[in-house]
Amino acid sequence: MDDIMDRGFINVDDLYLIIMFLVILLSLTVRYLMVLRRHLKSIMNAADSVSKGDFSVELDSDATGELGRLAYNFNYMVKKIKNNIVELEDKNIKLKAILKSISNGIIAIDNRENVMLMNQKAQKLFSYEGDDFEQKNFEKVVKGEPFFEAIKEVMGYGERKKLVVEDENGNYYKIKSDPIKLHDEKDLTIGAIINIEDITQRKRLEKIRSDFVANVTHELKTPLTSISGFVETLKGNENIDIAVRNRFLNIIDMETDRLRNLIDDILTLSFIENNENKKGESFTMVNVWDVYKEVFDMISPFAQKKSIQISERFENKEITILSNPDYIKQLLLNLIDNAVKYTPEEGNVIVTVEEDEQHIHIKVKDSGIGIPQKDIPRIFERFYRVEKARSRRIGGTGLGLAIVKHIVLSLNGKIHVESKVNEGSEFIIDIEKPQ
């Protein structure tokens, strides 16, 4: 060894330097490995937290070089994911709120016939409980007729389609299907969204409107035919007996009055319906006693001819109702007039008006012919008559009680009838006081 060193291969000082260099290098390597291990452990712990849904973790970004870039990119990625999740959650909350507020039933079904989303209205229509409907086949979610067969028919066409169905309760639904297409793929349809709209009320209104037109036509045609026939008779017979002529003219006069009353009632009903949502524009405090006295003066001559006594029971003559002034007059006029018309001679009609803390109660009771129980649910329908021939004979248009009903509804009130055949009827109205 000494010989080697003496021959100049390496000396003691050089060997010492080499050893010192190796020791320093080893020390630096160990230190770097420890730092690297610490950073890797920190990254593993952070990644583990992120995988569990904790996006609040953040790596120490003081490191330099590749570790610093890794820490910066990791923190940026976590922050980006967190922001995306928050944004998605916000959009999901808004989507659920929108779906919940939609009055129609909404259900989205993919091409494999699995449910993608559904709102609460649809769940109610399908009688489906729980929120585990996603990715379930629609056959397991959509229960009951007519929805299952209807949805099966309208979805899967790749185009808009709609149909109307009726359930066992007589309710009508319009079921419309629209394809779900990707924005960047015009021809790629991924499913269908089904809109279920309850159109029962619309169907009923259409039927009421259709029946109303048919009834009005019939009601107008009858007196017009009568008037036209008698006019033609008078025109074609110049030498007709004066008594016969006067009888024909009296009939024409009566039919003309009937037409006038019918048109007046139609216009009144139309006015009430068109102004049901405009209460604040024409409503004022109306004294019920003052209106009653006016109506009493109008009807009493006719009541006296039949020896019918009209009496009143007012708890307080200062009772007022927030209403259109003509509404209370029409309400009392129709009810009292009907009571007198359908009460035999020497009968009684009693008008009662009283109040409590929340309601005003108006009652019109008579000792008349009464109403059969089977007819009571329909007496407020337009042109419905219990005895058609008798109603026409005494001058009824068939719209009086319909007018009363709509007036009561416009005043946030309720009306019902208690009646027995040959014993009389009582119409009871409860109207809410304004808060």
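Residues numbered from 1 in each chain as written. Predicted model: local features only at pLDDT ≥ 70, side-chain atom pairs only at ≥ 80, totals over all residues. Heavy atoms only, no water.

(A) Quick look at the overall build of the protein chain. Across its full length, the protein chain holds 13 helices and 12 strands. The C-alpha atoms of the protein chain give a radius of gyration of 43 Å, which is well past the 22 Å a tight globule of 435 residues would have. Dimensions along the principal axes, computed over C-alpha positions, put the protein chain at roughly 170 × 55 × 35 Å. Taken over 435 residues, the protein chain has a buried fraction of 36%. Counted over contacts in the protein chain with a minimum sequence separation of 6, partners at least 24 positions apart contribute 57%. Taken as a whole, the protein chain presents about 28,000 Å² of accessible surface, with 52% of it coming from carbon and sulfur. Separation between the mean location of the 62 positive side-chain charges and that of the 71 negative ones in the protein chain comes to 4 Å. (Helix = DSSP H or I, 4+ residues; strand = E, 2+ residues; numbered from the N terminus. Rg over C-alpha atoms; globule rule 2.2 N^0.38 Å. Buried < 20%, exposed > 50% of the residue type's maximum accessible area, 1.4 Å probe, protein only. Contact = heavy atoms within 4.5 Å. Areas by Shrake-Rupley, 256 points an atom, 1.4 Å probe, with all protein chains shown as cover. Lys, Arg positive; Asp, Glu negative; His and termini not counted. Charge placed at Lys NZ, Arg CZ, Asp CG, Glu CD.)

(B) The arrangement of the sheet that holds strand E10 (residues 359–366) in detail. In spatial order, the strands read E7-E9-E10-E12-E11; together these 5 strands make up an open sheet with mixed pairing. Since the sheet does not close on itself, it has two edges, and those belong to strand E7 (309–314) and strand E11 (413–420), each with one partner. With direction set aside, neighbouring strand axes in the sheet form an average angle of 10 degrees. Set on the sheet, helix H10 (residues 288–305) makes contact with E7 and strand E9 (348–355); between it and E7 the angle comes to about 170 degrees. The sheet strands contacting helix H13 (residues 400–410) are E11 and strand E12 (424–432), and the helix crosses E11 at an angle near 140 degrees. (Pairing = 2+ DSSP bridges. Axes fitted to C-alpha atoms, helices over the stretch in contact; angles between N-to-C directions.)

(C) Structural view of the nonpolar core. By size, the foremost hydrophobic cluster in this structure holds 51 residues, and its most contacted members are Leu332, Ile336, Phe427 and Ile429. By residue number, the principal contributor to this core is helix H11 (residues 325–341), which donates 8 residues. When neighbours within four sequence positions are excluded, Ile336 is seen to be in contact with Tyr292, Val295, Ile299, Ile310, Val351 and Val364. Among the nonpolar cores identified, the runner-up in size contains 25 residues, and Leu125, Phe138, Val165 and Ile196 belong to it. (Core = buried A, V, L, I, M, F, W, Y, C linked by side-chain atoms within 4.5 Å.)

(D) Region of interest: the packing of aromatic side chains. Using the criterion set out here, one finds 10 aromatic pairs in the structure. Ring centres 5.4 Å apart and planes at 15 degrees place the aromatic pair Phe138 and Phe148 in the stacked group. Within this pair, whereas Phe138 is found in helix H5 (residues 138–141), its partner Phe148 is found in helix H6 (residues 147–154), the two being separated by 10 residues in sequence. What makes Phe138 buried here is its relative accessible area of 0%. (Phe/Tyr/Trp six-rings, centres within 6.5 Å; stacked < 30°, edge-to-face > 60°.)

(E) Main features of unusual backbone geometry. For Glu113, which is not glycine, the phi torsion reads 65 degrees and is therefore positive. Positionally, Glu113 belongs in the loop between strand E1 (105–110) and strand E2 (115–118). Even without being glycine, Ser307 reaches a positive phi, approximately 55 degrees. Examined against the element boundaries, Ser307 turns out to sit in the loop between H10 and E7.

(F) Layout of H6. Three or more residues of H6 are buried, namely Phe147, Phe148, Ala150, Ile151 and Val154. Buried residues of H6, seen end-on, are gathered within an arc of 165 degrees and therefore sit on one face of the element. (Arc of directions from axis to C-beta.)

(G) Up close: the packing of helix H7 (residues 200–236) against helix H8 (residues 242–274). One way to put it is that H7 packs onto H8 with a least axis distance of 9 Å and a crossing angle of 160 degrees. Here H7 is positioned roughly antiparallel relative to H8, judged by the angle of their axes. The chirality of how H7 crosses H8 is left-handed. Here the residues of the contact of H7 with H8 sort into 16 nonpolar, 4 polar and 4 charged. (Parallel < 35°, antiparallel > 145°, perpendicular 65-115°, else oblique. Left-handed = near helix turned anticlockwise from the far one by under 90°. Nonpolar A, V, L, I, M, F, W, Y, C, P; charged D, E, K, R; others polar.)

(H) Spotlight on a nonpolar patch on the surface. On the surface, Tyr16, Leu17, Met20, Ile24 and Leu28 cluster together to form a nonpolar patch covering roughly 510 Å² of accessible area. Met20 sits in the partly exposed class, given a relative accessible area of 34%. (Patch = residues over 30% accessible without salt bridge, like charges linked within 9 Å, V, L, I, M, F, W, Y side chains within 5 Å. Salt bridge = Lys/Arg side-chain N within 4 Å of Asp/Glu carboxyl O.)

(I) Up close: the confidence of the model for the protein chain. Averaged over all residues, the pLDDT of the protein chain is 81; the fraction at 70 or higher stands at 90%. The lowest-confidence element of the protein chain is helix H1 (residues 2–6), averaging 51 in pLDDT; the highest-confidence one is E10, averaging 93. (pLDDT = per-residue confidence, 0-100.)

(J) Structural context of the packing of H8 against H13. Interhelical geometry of H8 versus H13 gives an angle of 15 degrees and a closest axis separation of 10 Å. As the angle between them shows, H8 and H13 are arranged roughly parallel. For H8 against H13, the interelement crossing comes out left-handed. Residues Asp265, Thr268, Leu269, Ile272 and Glu273 of H8 form the contact with H13, whose participating residues are Ala402, Ile403, His406 and Ile407. Among the residues forming the contact of H8 with H13, the class breakdown is 5 nonpolar, 2 polar and 2 charged.

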